[in-house]
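Next come the chains, spelled out residue by residue.
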Amino acid sequence: MPVKSLLNLWGDRLYTLPLIVLYLTDGCNSRCVSCDIWRNPRRNMPMTLVQQIVDACDDLGVRWVLLSGGEAMQHPQWPQIARLFRQRGIYVMLLTNGLLVQKQADELIDTVDELIVSLDGGTASTYAAIRGLDAFELVLSGIQSARQLSVPVITRTTVQRGNFREIPTIIDIALKYNVNRASFLAVDVGNPFAFGTRFESESHSLASDLALTTAEVDELEHILGVLETDYAVAFESGHIAESPQKLRRILVDYFRALLGHGDFPRPRCNAPHFSTIIEVDGTLRPCYFLPAYGRLKPRDAHSGDGHLAVPLAEAINSDTAQALRAAYRKGQRHECKSCVCPLYKGPRALLRW
């Protein structure tokens, strides 16, 4: 099946689906300034739909599943869902804000292969300002509990005006708590639907509140220069996921482009050619930022929004789905220009991935 995945890279039809990103719920118990998902009434993905997806995995050659949301750990059956995929030999990753990790730490055993925890501050005050809750120590306790159970943990920090000066502190925390990797990406300030229906309820500009000024970008560049020297061992060991060069590209160059000082870093991405996102109601997206191309519903039903609910293997190769893949591949999708989290897998990576 890994060899068959290589066929995905030639043309716009998918022969396998190595990665599925599953939104288990569209509610969240954080109150992040850069995301409006928490404003939604919480809906949980029904188990009938989960089972339909699980049943499709063997034929589609699914190897990785990322459980996400909203806050995935708010789905009351997330451990059962994780086990369903693991029983198929699929590598299960769980993306979480960390608020429920300490309480549910025992559920992580034998359910997930990797825990990805959002850590958007190096101090309690910064965390509270960005995430909307006084829960910094709770999140750190959850990370500690997971590591004590030998669950691999990755911290992921969305870099923005409120926390860029704390990047070294966040790395120190990751090292202190024996986190496997600390990862960073830039805050997205342009896509109106990737993180809830943003911009509709706020009068202010996300860019002006979250993006860096010219002076702050210069300061960030200096911080990254110091990091390269002071944390050389952590870069070399992989405890910092991105290289110094990549951090400059995805952070410094990105924030400068937002200011109109240069072009956005050209994203190298082919995620829609080996993965798909399935939202809580079965809506299908090629990635976080591109529009929906269809919708699954439990067993042979109409979605009610004009999309016919069809089996996953058929839906990912609908005319709309293939047209979206062709458009991004040809550079025709404006959303891709300023993408903050491109993902690329070449032939060798797909063979060993």
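Nothing here was measured: the structure is a model prediction, and the numbers come from that model.

1. A closer look at the overall build of the protein
Secondary structure assignment for the protein yields 13 helices and nine strands. Taken over C-alpha atoms, the radius of gyration comes to 20 Å for the protein, in line with the 20 Å a tight globule of 353 residues would show. Dimensions of the protein, computed from C-alpha atoms along their principal axes, come out at roughly 55 × 45 × 45 Å. Taking all 353 residues of the protein together, the buried fraction comes to 54%.

2. Concerning the pairing of strand β5 (residues 153–159)
Counting buried positions along β5 yields five of seven residues, so the element is predominantly enclosed. In this sheet, strand β6 (residues 181–186) lies alongside β5 in parallel orientation, the contact comprising six bridges. Pairing of I154 across the sheet is with R181, part of β6. Each parallel crossover has a hand, and the one from β5 via helix α6 (residues 167–176) to β6 is right-handed.

3. With respect to the side chain of Q160
Structurally, Q160 is set in the loop between β5 and α6. The residues touching Q160, leaving out its near neighbours within four places in the chain, are V33, I130, V187, L210, L212 and F255.

4. Structural notes on the environment of A292
Among the secondary structure elements, A292 is positioned in the loop between β8 (283–285) and β9 (294–295). The exposure class assigned to A292 is partly exposed, which follows from its relative accessible area of 28%. Spatially, the C-alpha atoms of A292 and E279 are 9.7 Å apart, while their sequence positions differ by 13 residues. Each residue touching A292, except ones within four places of it in the same chain, is listed here: T283, L284, R285 and L324.

5. A short note on helix α4 (residues 124–131)
Among all positions in α4, only T126, Y127, I130 and R131 are buried. The buried residues of α4 occupy one face: seen down the axis, they fall within an arc of 110°. Counted as exposed and oriented over 90 degrees from the buried face of α4: S125 and A129. Looking at the packing, one finds that the buried side of α4 touches β4 (114–118) and α5 (136–148). Within two residues after α4, G132 carries a phi angle of roughly 80°, on the positive side.

About the thresholds
- Residues numbered from 1 in each chain as written.
- Predicted model: local features only at pLDDT ≥ 70, side-chain atom pairs only at ≥ 80, totals over all residues.
- Heavy atoms only, no water.
- Helix = DSSP H or I, 4+ residues; strand = E, 2+ residues; numbered from the N terminus.
- Rg over C-alpha atoms; globule rule 2.2 N^0.38 Å.
- Buried < 20%, exposed > 50% of the residue type's maximum accessible area, 1.4 Å probe, protein only.
- Pairing = 2+ DSSP bridges.
- Right-handed = clockwise from strand over helix to strand, strands pointing away.
- Contact = heavy atoms within 4.5 Å.
- Arc of directions from axis to C-beta.

Take it as geometry only, folks, not as evidence of what the structure does.
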